[in-house]
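So you can see what is in the structure, the chains are spelled out below.
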Amino acid sequence: MAALDLMPAPLGLLAELTHRCPLGCPYCSNPLALDKRDDELETALWARVFREAASLGILQVHLSGGEPAARRDLPELVKAAREAGLYSNLITSAVGLTAKTLGALAEAGLDHVQISIQDSDEPSADHIAGYKGASARKRALASEVVRLGLPLTVNMVVHRANIGRVEQMVELAQSLGASRVEIAHVQYYGWAVKNRAALMPTREQVDEAVRQVEVLRARHHGQIVIDAVVPDYYARFPKPCMGGWGRRSLNVTPAGKVLPCHAAEVIPGLEFWNVREHSLAEIWRASPAFSAFRGIGWMEEPCKSCSRRELDFGGCRCQAFLIAGNARAADPVCHLSPHHTLVEQLAAKREDAAYSYRSS
Ligand code: SF4
Ligand code: FES
C-alpha cells in the first residue's frame, strides 16, 4: 500500500516559474535545454499547484527561475501563494525586477526575498553575470527590499574567481541590510558542468574559505546569519542531496513537470509526471520518477550495507549518473565509492578558459 499517510510529507516546493533570465551565470543550475515561454504554466494552473501543495502539508514555496520577474503575472502568483497559505520566498537576480513591481509583490503578500550577488567586486560581479551594470541594480533593489520591511537574504555563489573575497562578500551583505547571507560553493549541475574547469577552486582556497566563514560567524554573531554550502568535490562523504530523494521537496519546472530535484532530468529513463495531467498529491505518491530512488531499497554496494545509508542516502543520484554513469551507484564524492578517483581527477582539472555563458 502506497497511501499518502505512509509517505514522508514534503516540506517545500520549488516553483520554477520560467527559465527566461537576463543574466548568463556560468554556474546556472537550469538544464542546458531550457523550457520555452510558450510552454510555461498559466497563472491559474500555478494557483492550483499552490493550493495542492498546501493540502499536502507544504509550508513554503520558493518562487524561482530563471528570473521569476520575467513573468508579468508575478504579483498574481504571489497573491495565489498567500491565499493558499504558503510562505513565499522570491529567489531573484534583481535584474528586470523594478521597485514598482517589488512594491506590488509586497502588497500581494510576499514574505521574503533572496537576491543573488555574483561578487563584492563590481566589475568582477558583472563579468560573472555576463551583464554590465547588474551589480549596481542588485544593490539598489536590495535597498528597496529593506526599505519595504521585507526580510532579505543575499546569496553569493563562490568559485575560483571570487573565493578569496568571502570576507568582503559578507560585509557587503551586511551593509545592504541582509539578515542572512549564503556562501554557496558552486554545485556542478547544468551549466556548471560545462564550466567546471573554469570554476573549480583549489583545495587550499576551499580550506581557507571554510576557515574564514568560521571567523566571520564569530565576528558577526547576532548581526547576520552566515550559511555555508561546502563544495562536495573536496569532501570525504557526500551531501544528503535534497534530504533524500522524494523525502522533502518537489520541484515544478516552468512547463509543469514535477522533479524530485532540479537536475533529475539528466538521469535517462526516469518518467516525470506533469501537473497538467496529475495532482501534486498523485505525483508525490506514485510518480515513477519519485518512486525510483525513494528509501534505500534501490541501493547497490557500498551504500547498501553502509552505516551512513540513512544519513546521506548515498549522496546525489544526479552526480552519481553524471560522474559514474550509474544513478544507483554511490555518489562518487564519497571516498568509499569505487569511482572516487574520478572526482579527484575532475577537481584537479582547472583551466582559465572564458566562461561558457548560459543562453536564454
Ligand atoms: Fe553514503 Fe554510500 Fe558513501 Fe555510505 S558508501 S557514506 S551510504 S555514499
Ligand atoms: Fe539530483 Fe542531487 S541534484 S539528486
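The present account deals with the structure reproduced in this document. Note that the structure is a prediction, hence the values are computed from the model and not measured. (Residues numbered from 1 in each chain as written. Chains lettered and ligands numbered in written order. Predicted model: local features only at pLDDT ≥ 70, side-chain atom pairs only at ≥ 80, totals over all residues. Heavy atoms only, no water.)

A word on the overall build of the protein
Where we set the bar: Strands here are runs of E lasting at least two residues and helices are runs of H or I lasting at least four, both read from the DSSP assignment and numbered beginning at the N terminus. Computation of the radius of gyration draws on C-alpha atoms, with the globule rule given as 2.2 Å multiplied by the number of residues to the power 0.38. For the exposure calls, accessible area comes from a 1.4 Å probe over protein chains only, and a residue counts as buried if that area is under 20% of its type's maximum, exposed if over 50%, partly exposed in between. By the counting rule applied here, Lys and Arg register as positive and Asp and Glu as negative, while His and the ends of each chain are not counted. Charged side chains are reduced to one point each, which is NZ for Lys, CZ for Arg, CG for Asp and CD for Glu.
From N to C terminus, the protein includes 14 helices and nine strands. Taking 21 Å as the expected radius of gyration for a compact globule of 360 residues, we find that the protein reaches 20 Å, a close match to that expectation. Expressed as lengths along the three principal axes of its C-alpha atoms, the size of the protein is roughly 50 × 50 × 40 Å. Per-residue burial for the protein yields a buried fraction of 53% across its 360 residues. On the protein, the mean spot of the 40 positive side-chain charges and the mean spot of the 40 negative ones are 1 Å from each other.

Looking at the pattern of salt bridges
What counts is decided by this rule: Here a salt bridge means any side-chain nitrogen of Lys or Arg lying within 4 Å of a carboxyl oxygen belonging to Asp or Glu.
Within the structure shown, the criterion is met by 19 salt bridges. Here Arg-165 makes a salt bridge to Asp-119, at a shortest N to O gap of 2.6 Å. Remark: Asp-119 occurs in the loop between β4 (112-116) and α4 (122-129) and Arg-165 occurs in the loop between β5 (152-158) and α6 (166-175); sequence separation between them is 46 residues. Here Arg-211 makes a salt bridge to Glu-208, at a shortest N to O gap of 2.8 Å. Within this pair, Arg-211 and its partner Glu-208 are both found in helix α9 (residues 203-219), separated by three residues, close to a single helical turn. Counted as one network, the salt bridges with shared partners bring together Arg-20, Glu-40, Arg-71 and Asp-73.

Concerning the pairing of strand β1 (residues 12-16)
Note the following rule: Note on pairing: DSSP must find at least two bridges between two strands before they are called paired. By the criterion used throughout, a crossover qualifies as right-handed when its path from the first strand across the helix to the second strand runs clockwise, the strands pointing away from the viewer.
For β1, a buried count of four out of five residues is recorded, marking the element as mostly surrounded by other parts of the structure. For β1 and strand β2 (residues 60-64), the ladder comprises five bridges, and the chain directions are parallel. Considered in β2, the bridge of Ala-15 is made with Leu-63. Crossover connection from β1 via helix α1 (residues 43-55) to parallel β2: handedness right-handed. Bridging between β1 and strand β8 (residues 249-252) involves four bridges; their strand directions are parallel. Residue pairing for β8: Gly-12 is matched across the bridge by Ser-249.

Regarding the packing of α6 against α9
Stated precisely, the cut-off is as follows: Here an angle of 0 to 180 degrees is reported between the N-to-C directions of two axes, which are lines fitted to C-alpha atoms, with helices fitted over the stretch in contact. Helix crossings are classified by the rotation of the near helix relative to the far one: an anticlockwise turn of less than a right angle makes the crossing left-handed, while a clockwise turn makes it right-handed. By definition, residues are in contact when any of their heavy atoms lie within 4.5 Å. Three classes are used: nonpolar for Ala, Val, Leu, Ile, Met, Phe, Trp, Tyr, Cys and Pro, charged for Asp, Glu, Lys and Arg, and polar for all others, with Gly counted as polar.
Where α6 contacts α9, the two axes come as close as 9 Å, and the packing angle between them is 35°. Crossing of α6 against α9: the hand is right-handed. Residues Val-166, Glu-167, Val-170 and Glu-171 of α6 lie in contact with α9, whose contacting residues are Ala-209, Gln-212, Val-213, Leu-216 and Arg-219. The residue inventory of the contact of α6 with α9, partitioned by class, reads five nonpolar, one polar and three charged.

So, the packing of aromatic side chains
Put simply, the test is: Centre distance within 6.5 Å is the pairing criterion for rings of Phe, Tyr and Trp, where only the six-membered ring of Trp is used; planes under 30 degrees apart are then read as stacked, over 60 as edge-to-face, and the remainder as tilted. Over a ring means this: the NZ of a Lys or the CZ of an Arg is within 6 Å of the ring centre and within 35 degrees of the ring normal.
Within the structure shown, the criterion is met by six aromatic pairs. Cluster of aromatic residues (ring-pair linked, three or more members): Trp-245, Phe-293 and Trp-298. Against the face of Trp-284 rests Arg-294, its NZ or CZ located 4.7 Å from the ring centre. The ring of Phe-237 is capped by Arg-308, whose NZ or CZ atom sits 4.0 Å from the centre of that ring.

A look at the site of ligand 1
Quick note on the threshold: Proximity is defined per residue: any heavy atom of the residue falling within 4 Å of a molecule or strand makes that residue near it.
Near ligand 1 the following residues occur: Phe-237, Pro-238, Pro-302, Cys-303, Cys-306, Arg-308, Arg-309, Asp-312, Gly-314, Cys-334 and Leu-336. Broken down by class, the residue content of the shell around ligand 1 amounts to seven nonpolar, one polar and three charged.

Quick look at unusual backbone geometry
Cis geometry marks the peptide bond from Gly-65 to Gly-66; its omega dihedral reads 5°. Looking at where Gly-66 falls in the secondary structure, it is placed in the loop between β2 and α2 (74-84). Of note, the bond from Glu-301 into Pro-302 is cis; its omega dihedral lies within 30 degrees of zero at 10°. Along the chain, the position of Pro-302 falls in the loop between α11 (288-292) and α12 (309-312). Unusually for a residue other than glycine, Ala-94 sits at a positive phi of about 70°. Tracing the sequence through the fold places Ala-94 in the loop between β3 (87-92) and α3 (99-108).

Observations concerning the nonpolar core
Definition in use: The term nonpolar core refers to a set of buried residues drawn from Ala, Val, Leu, Ile, Met, Phe, Trp, Tyr and Cys, joined through side-chain atoms within 4.5 Å.
Counting residues in each nonpolar core, the largest one holds 88 residues, and the members touching the most others are Leu-13, Phe-50 and Leu-280. Ignoring any residue separated from it by four or fewer positions in sequence, one finds Leu-13 in contact with Val-49, Phe-50, Ala-53, Ile-58, Gln-60, Val-61, His-62, Leu-250, Val-252 and Leu-280. Within the second largest apolar cluster, 19 residues are counted, among which are Ala-263, Leu-270, Phe-272 and Cys-303.

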